[in-house]
Amino acid sequence: MTDGATTTPEPCMGPNEAADGQPRPGQRVLVAMSGGVDSSVAALLLTRAGLEAHGTTMKLFDAQQACLASDKGCCSARDIEDARQVCLDLGIPHYAFNFTRTFEREVIDRFCQGYLAGRTPNPCVDCNRYVKFEALQERRAQLSFDYLATGHYARRALNPRTGRFELRRGLDPDKDQSYVLFHLTQDNLRHMLFPLGDLTKADVRDLARQQGFGTAEKRESQDICFVPTGSYADFIERRANVAFPPGPIVNRAGRVLGTHRGLPHYTVGQRKGIGVAAEAPLFVYEKRIADNALVVGFDEDARCTSILVREANFVALPCLEQPMGLEVKTHYRQTAVPALVSQLNADTLRIDFEQPQRACAPGQFAVAYQGDAVVCGGTIERVLS
């Protein structure tokens, strides 16, 4: 198989779409299967619902990289075999699609370029966006499947009042993954299924045990699958053939406090490992590429009140006609906090928090919710204040 590529979006209403946007027995579903317990149970639930499920696993690495990734809990050759075995257990077909070039270009290269530019990219979001929900959605359409399904903990529903598909939080607050899916378009959601959205992780493991899946006790994937040592900076230095020079650690007033080891070794919001003694914990506030400076401050100095967000995607609403009071997350594990969200132009947002926030890192993502529904989200461009 060869890499997928983008294509023209399909019409808003497909010929097989039910009025409520829900699938009907007999419809064809391509199930993205990582070889883990979540996607295994997603495939199980779809077959129980009477859908014609076909499993697919994406090959994302060449042979050498696959060996390095083998202990990461995802994306390895073993994971392909685990997914294939689950499909054999369920009596459904299994395919392996080669997306190595797409993954290298859209995930690994973006990750390296982001860190080199002083940003803090999230490669898992880029993998979802450009591989699972772009290249794989195109493959779904090419093969005439009605839906693509994944094992994400999120929900999708058609809002009869707005006529738009909504992306909603998963019911398990500890596993909700709606934050990393904010980029989904209306066409993506029209052809998406999230079978695990109403379940907890404990429910999913119980179902896998009852079915006798070998993946039932498989551990969660950890860290970034293509960084074998866990050191992002070391990986980028090798791949980009560059050396990261040390530079000054300064406070927000410009006073030099020490020397850093190279900016990619740090992330905005980081507290431990800065290497400067102070009367209270210091946090990374900014990575300043222009003069190779690491800007730090005490907790109250390292927080922000306003951010600029680019590449905005609108989900529950087509746009923000006026500023809206919403709840916003700026990183995955954060509890959403109140903020005023204003749309400045077609793809730019300004977010003003009710209370100052830490770790608003350029390159990360800000996602705005109204209740359980994702309203919009985008990439943090810079801190305004």
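Now for a quick tour of the structure. (Residues numbered from 1 in each chain as written. Predicted model: local features only at pLDDT ≥ 70, side-chain atom pairs only at ≥ 80, totals over all residues. Heavy atoms only, no water.)

The helix and strand inventory of the protein chain stands at 8 helices and 17 strands. In terms of overall size, the protein chain behaves like a compact globule, its C-alpha atoms giving a radius of gyration of 22 Å where 385 residues would be expected to give roughly 21 Å. Residues counted as buried form 54% of the 385 residues belonging to the protein chain. Of the accessible surface of the protein chain, which amounts to about 17100 Å², a share of 50% is contributed by carbon and sulfur atoms. Placing the 44 positive and 46 negative side-chain charges of the protein chain at their respective mean positions leaves the two points 2 Å apart. (Helix = DSSP H or I, 4+ residues; strand = E, 2+ residues; numbered from the N terminus. Rg over C-alpha atoms; globule rule 2.2 N^0.38 Å. Buried < 20%, exposed > 50% of the residue type's maximum accessible area, 1.4 Å probe, protein only. Areas by Shrake-Rupley, 256 points an atom, 1.4 Å probe, with all protein chains shown as cover. Lys, Arg positive; Asp, Glu negative; His and termini not counted. Charge placed at Lys NZ, Arg CZ, Asp CG, Glu CD.)

Within the secondary structure layout, Gln 27 lies in the segment before strand E1 (28-32). Considered as a pair, Gln 27 and Ala 141 are 114 residues apart in the sequence and their alpha carbons are 13 Å apart.

It is worth spelling out the pairing of strand E2 (residues 52-59) at this point. With 6 of 8 residues buried, E2 is to be regarded as a mostly interior element. Of the pairings in the sheet, the one linking E1 to E2 comprises 5 bridges and is parallel in character. Directly across from Val 29, in E2, lies its bridge partner Ala 53. You can see the chain leave E1, run along helix H1 (residues 37-48) and come back into E2, and the turn it takes is right-handed. Inspection of the sheet shows E2 paired to strand E3 (residues 94-98) by 5 bridges, in the parallel sense. Residue pairing in the sheet places Thr 56 in a bridge with Tyr 95 of E3. (Pairing = 2+ DSSP bridges. Right-handed = clockwise from strand over helix to strand, strands pointing away.)

Inspection of the entire model under this criterion finds 10 aromatic pairs. A centroid spacing of 5.3 Å and a plane angle of 80° characterise the contact between Phe 111 and Phe 226, whose relative ring orientation is edge-to-face. Of the two residues, Phe 111 is situated in helix H4 (residues 100-116) and Phe 226 in the loop between helix H7 (201-211) and helix H8 (232-240); the sequence distance between them amounts to 115 residues. A residue is classified by how much of its surface remains accessible, and Phe 226, at 6% relative accessible area, is buried. An aromatic cluster is built from Phe 103, Phe 111, Tyr 115, Phe 226, Tyr 232 and Phe 235, whose rings are joined through pairwise contacts. Over the aromatic face of Phe 97 sits the side chain of Arg 139, whose NZ or CZ is 4.7 Å from the ring centroid. (Phe/Tyr/Trp six-rings, centres within 6.5 Å; stacked < 30°, edge-to-face > 60°. Lys NZ or Arg CZ within 6 Å of the ring centre and 35° of its normal.)

This next bit is on the sheet that holds strand E8 (residues 247-251). Pairing in this open sheet of 4 strands is mixed, and the strands run E9-E8-E11-E10 from one edge to the other. Of all strands in the sheet, those bounded by a partner on one side alone are strand E9 (256-260) and strand E10 (282-288). Direction aside, the axes of adjacent strands within the sheet are offset by 30° on average. Relative to strand E11 (residues 293-298), E8 runs parallel, the two being bridged by 3 bridges. The residue bridging Asn 251 from the neighbouring strand is Val 296, located in E11. (Axes fitted to C-alpha atoms, helices over the stretch in contact; angles between N-to-C directions.)

As summarised here, the arrangement of the 5 strands in space is E3-E2-E1-E4-E7, forming an open sheet in which the pairing is parallel. In this open sheet, the two edge strands, each paired with only one partner strand, are E3 and strand E7 (192-193). Contacts from H1 reach E1, E2, strand E4 (147-149) and E7, with the element oriented near 170° to E1. (Contact = heavy atoms within 4.5 Å.)

You can see Asp 82 is positioned in helix H3 (residues 77-90). Of note is the side chain of Asp 82, whose polar atom sits 2.7 Å from the side chain of Lys 218. Beyond its immediate stretch of four places on either side in the chain, Asp 82 contacts Gly 35, Thr 215 and Lys 218. (Polar contact = N/O pair within 3.5 Å; in protein donor to acceptor, adjacent residues only side chain to side chain.)

Our next topic: the pattern of salt bridges. A full pass over the atoms with the stated rule returns 21 salt bridges. Asp 82 is the salt-bridge partner of Lys 218, the closest N and O atoms lying 2.7 Å from each other. Linking Lys 218 in the loop between H7 and H8 with Asp 82 in helix H3, this pair joins segments that are 136 residues apart in sequence. A relative accessible area of 12% means that Lys 218 is categorised as buried. (Salt bridge = Lys/Arg side-chain N within 4 Å of Asp/Glu carboxyl O.)

Remember that the coordinates give geometry; whether it matters functionally is a separate question.
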